[in-house]
Amino acid sequence: MNKRDFLKSSGAIVAGSIISQLAPAQQQPAPRENWAGNITYSTDHVHSPANAEEVRAVVKSCSKLRALGSRHSFNRIADSTQNQVSLQHLDQIDIDDKARTVTVGAGIKYGQLAPVIDARGFALHNLASLPHISVAGAIATATHGSGIHNGNLATAVRALEIVTANGEVIHLSRDKDGDQFLGAVVGLGAVGVVTRVTLDLQPTFQVAQTVYQNLNFDQLAHNFDAIFGAGYSVSLFTDWQHHQATQVWIKHRLSANEKHETPAEFYGAKRATEKLHPITGHPAESCTEQMGIPGPWYERLPHFKMNFTPSSGRELQTEYFVPRDRGYEAIVAVEKLRDQITPHLFVTELRTIAADDLWMSMAYQRDSLAIHFTWKPEWETVKQILPQIEAQLKPFDPRPHWAKLFTIPPSSLPAQYTRLSNFKQMLQHYDPEGKFRNDFIESNLFAT
Ligand SMILES: Cc1cc2nc3c(=O)[nH]c(=O)nc-3n(C[C@H](O)[C@H](O)[C@H](O)COP(=O)(O)OP(=O)(O)OC[C@H]3O[C@@H](n4cnc5c(N)ncnc54)[C@H](O)[C@@H]3O)c2cc1C
């Protein structure tokens, strides 16, 4: 853990200890920021209940409230001008071997959960680029990893326990609740406060990760699915210069006793001879093991290790989902802006996500390519570039990642999120007074 992370997490512990459990929320001394430091939250009132019963009491006592996960979102989706509630103390893990599920308290992070289920012989189907995020925060925003056949992390949800606006506890499950469940999983924090999540498990597995360098984009024109389908999870990184991916990360899922041989070349790209960070020049010690060395799923599927700062640190992120079958065209369209983009970019990542049926998911009923940008912390410039990228992507019906920065006008969102009106009806039903609606939800969902 570096100094900045240590200070941040120790700050969180101190804050957690002075913040009352149920007493009226108190002032914190320092401004409260999201992980990237680009958002200062609009309230110092953070409730930190010890259990689900206390969550109910908090919900009943507040007229406005937003749930807060591990603060990794880049926009104001988790913000509130009045109250936030952190579920960090709800961190139980209950494994049901027979049902092949795990039920977790909503504050648990993937990095805490993964070794526990692995030790019992189980795995999750996928992970995001970092294990530091909370399960509830990740599923609320349809957070994803990569893999042509892998749905986002929310597709592993089998059941939810939610405290709704009047303090009632509801249980929704994939097996029993059909549409209500499909609408509530990617809930954007607006359906209620999720207190418990049940996730599908599968038998544990090993993964070997190999990195290749300099894949010419021409290869994508004819081999798009073969390249993105070359491993269980595949990521391409680019700085948009020289018509190439600077790196290709292939995470190969090993079958029992498989000896995995990695070829020296991959569509003309050369196998890396040392461990690499996706951002050229950054030290690779924070990255998960590469060079084809097999290891447990949870130490290979993320790009970054739990005890290190993931990605760059001070940064901004943006991501757009387009149909996978038009993925190459979309890449070429964005590439036209390369000379505007590159000076302000740390790196772009290209990933695929399988279609799902979760109403507010970016991959709703559409196999997707996600075009991601990790920007330098230069918002004034980045916000001038985003509309240009969005204009280039317009023919591909781009869906913005809910947890990242975008400038697509709210009036364009209903055409992309085709279940948006159903979702708003659901919010009216569970939260008629708008207790869980903040400015982000009001302006993006309800302004039109
Ligand atoms: C370095 C870095 C790498 C990232 N990599 C990826 C990636 O690989 N793939 C990807 O898709 N995204 C990625 N993200 C984005 C990240 O996954 C999302 O921001 C995710 O929402 C973070 O979860 P969190 O716990 O920090 O939630 P927060 O940011 O705290 O909150 C996000 C949303 O979840 C809601 N929420 C949180 N807890 C609850 C609860 N108990 N009940 C109801 N609602 C709740 C909040 O109200 C808010 O609306 C990355 C972010 C960073 C900083």
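Structure's up top.
Predicted model only: the values in this text are computed from it and were never measured.

Colleague: Could you clarify how one ought to interpret the overall build of the chain in this entry?
Modeller: When helices and strands are tallied, the chain shows twelve helices and 20 strands. For the chain, whose C-alpha radius of gyration is 21 Å, the value lies close to the compact-globule estimate of 22 Å for 448 residues. When its C-alpha atoms are laid out on the principal axes, the chain stretches across 60 × 50 × 45 Å. Sequence-distant contacts in the chain: of pairs separated by 6 or more residues, those separated by 24 or more amount to 71%. In the chain, 42 side chains carry a positive charge and 45 a negative one; their mean positions are 1 Å apart.

Colleague: Explain the environment of E285 to me, please; I cannot follow it from the model alone.
Modeller: As for its position among the elements, E285 is in the loop between strand 15 (269-271) and strand 16 (294-296). Considering only alpha carbons, one finds E285 and K275, ten residues apart in sequence, at a separation of 8.3 Å. Apart from the residues within four sequence positions on either side, E285 is in contact with K275, K305 and F308.

Colleague: Could you clarify how one ought to interpret the pattern of salt bridges in this entry?
Modeller: Within this structure, the stated rule accounts for 16 salt bridges. Here D200 ties to R158 by a salt bridge, and the two come within 2.7 Å at their closest N and O atoms. Of the two residues, D200 is situated in strand 9 (residues 193-200) and R158 in strand 7 (residues 157-163); the sequence distance between them amounts to 42 residues. Residue R324 pairs with D225 through a salt bridge whose shortest N-O separation is 3.2 Å. On the criterion of sequence distance, the pair formed by R324 in the loop between strand 17 (316-323) and helix 7 (327-335) and D225 in helix 6 (residues 218-228) is long-range, its members being 99 residues apart. Look at R324 and you get buried, because its relative accessible area is 14%. Of the residues examined, D225 reaches a relative accessible area of 41% and is grouped as partly exposed.

Colleague: Even after reading the chapter, I still don't get the pairing of strand 7, so can you show me in this structure?
Modeller: Regular strands place their side chains on alternate faces of the sheet. Among the seven residues that make up strand 7, six are buried, leaving the element largely enclosed by the rest of the structure. As paired strands, strand 7 and strand 9 are joined by six bridges and run antiparallel to one another. Within the sheet, the bridge partner assigned to E161 lies in strand 9 and is R196. As paired elements, strand 7 and strand 8 (residues 169-173) share five bridges and run antiparallel to each other. By the bridge assignment, E161 is partnered in strand 8 with H171.

Colleague: Got a minute to help me understand the sheet that holds strand 7 in this structure?
Modeller: Strand pairing in a sheet relies on backbone hydrogen bonds. The paired strands run either parallel or antiparallel. A sheet is described by the order of its strands in space; here five strands give the open sequence 4-5-9-7-8, paired in antiparallel fashion. Looking at which strands have only one partner, the edges of the open sheet turn out to be strand 4 (93-96) and strand 8. Direction aside, the axes of adjacent strands within the sheet are offset by 15° on average. Contacts from helix 3 (residues 110-119) reach strand 4, strand 5 (101-105) and strand 9 within the one sheet, and its direction differs from that of strand 4 by about 35°.

Colleague: Hey, could you run me through the site of the ligand in this one?
Modeller: The ligand sits among 38 residues. The nearest are A67, H72, S73, S134 and H401. Isolated, the ligand exposes 970 Å² of accessible area, and the fraction of that covered by the protein chains is 99%. Contributing elements (two or more residues each) for the shell around the ligand: strand 2 (66-68), helix 4 (135-140) and strand 9. With four residues, helix 4 is the single largest residue contributor to the shell around the ligand. Looking at the shell around the ligand, its residues break down into 18 nonpolar, 15 polar and five charged.

Colleague: What is the right way to look at the packing of aromatic side chains in this model?
Modeller: Centre-to-centre distance and the angle between the planes together describe a pair of aromatic rings. Going through the model one piece at a time under the given rule, you end up with 13 aromatic pairs. When the centroid spacing of 4.9 Å and the interplanar angle of 85° are considered together, the rings of F266 and Y267 count as edge-to-face. Looking at F266, the relative accessible area reads 8%, which means it is buried. Taking the relative accessible area as the measure of exposure, Y267 reaches 33% and is therefore partly exposed. An angle of 40° between the planes, with centres 4.5 Å apart, marks the rings of W402 and Y417 as tilted.

Colleague: When you look at the sheet that holds strand 1 (residues 46-47) in this model, what are you seeing that I'm missing?
Modeller: Overall, parallel pairing links the three strands, which are arranged 1-3-2 in an open sheet. In this open sheet, the two edge strands, each paired with only one partner strand, are strand 1 and strand 2. Strand direction decides the pairing type here: strand 1 and strand 3 (residues 84-86), joined by two bridges, are parallel. By the bridge assignment, H47 is partnered in strand 3 with V85.

Colleague: Before we go on, may I ask you to explain the side chain of Q317 in this structure?
Modeller: Inspection of the secondary structure puts Q317 in strand 17. Residue classification places Q317 among the buried residues on the basis of a relative accessible area of 12%. Side-chain polar atoms of Q317 contact the side chain of E315, separated by 2.7 Å. Within the structure, Q317 has its side chain in polar contact with the side chain of K404 (distance 3.3 Å).

Colleague: Any chance you could explain unusual backbone geometry here in plain terms?
Modeller: Outside of glycine, negative phi angles account for most residues, and trans bonds account for most peptide bonds. We note that H242 has phi near 65°; this positive angle belongs to a residue other than glycine. Mapping H242 onto the fold places it in the loop between strand 12 (233-238) and strand 13 (244-254). Taking relative accessible area as the criterion, H242 reaches 65% and is therefore assigned exposed.

Colleague: Explain the environment of G292 to me, please; I cannot follow it from the model alone.
Modeller: Of note, G292 is situated in the loop between strand 15 and strand 16. The spacing of G292 and E161 is 131 residues in sequence and 40 Å in space, taken between C-alpha atoms. Leave out the neighbours within four places in its chain, and G292 touches A208, Q209 and T210.

Thresholds applied
Residues numbered from 1 in each chain as written. Predicted model: local features only at pLDDT ≥ 70, side-chain atom pairs only at ≥ 80, totals over all residues. Heavy atoms only, no water. Helix = DSSP H or I, 4+ residues; strand = E, 2+ residues; numbered from the N terminus. Rg over C-alpha atoms; globule rule 2.2 N^0.38 Å. Contact = heavy atoms within 4.5 Å. Lys, Arg positive; Asp, Glu negative; His and termini not counted. Charge placed at Lys NZ, Arg CZ, Asp CG, Glu CD. Salt bridge = Lys/Arg side-chain N within 4 Å of Asp/Glu carboxyl O. Buried < 20%, exposed > 50% of the residue type's maximum accessible area, 1.4 Å probe, protein only. Pairing = 2+ DSSP bridges. Axes fitted to C-alpha atoms, helices over the stretch in contact; angles between N-to-C directions. Near = heavy atom within 4 Å. Areas by Shrake-Rupley, 256 points an atom, 1.4 Å probe, with all protein chains shown as cover. Nonpolar A, V, L, I, M, F, W, Y, C, P; charged D, E, K, R; others polar. Phe/Tyr/Trp six-rings, centres within 6.5 Å; stacked < 30°, edge-to-face > 60°. Polar contact = N/O pair within 3.5 Å; in protein donor to acceptor, adjacent residues only side chain to side chain.

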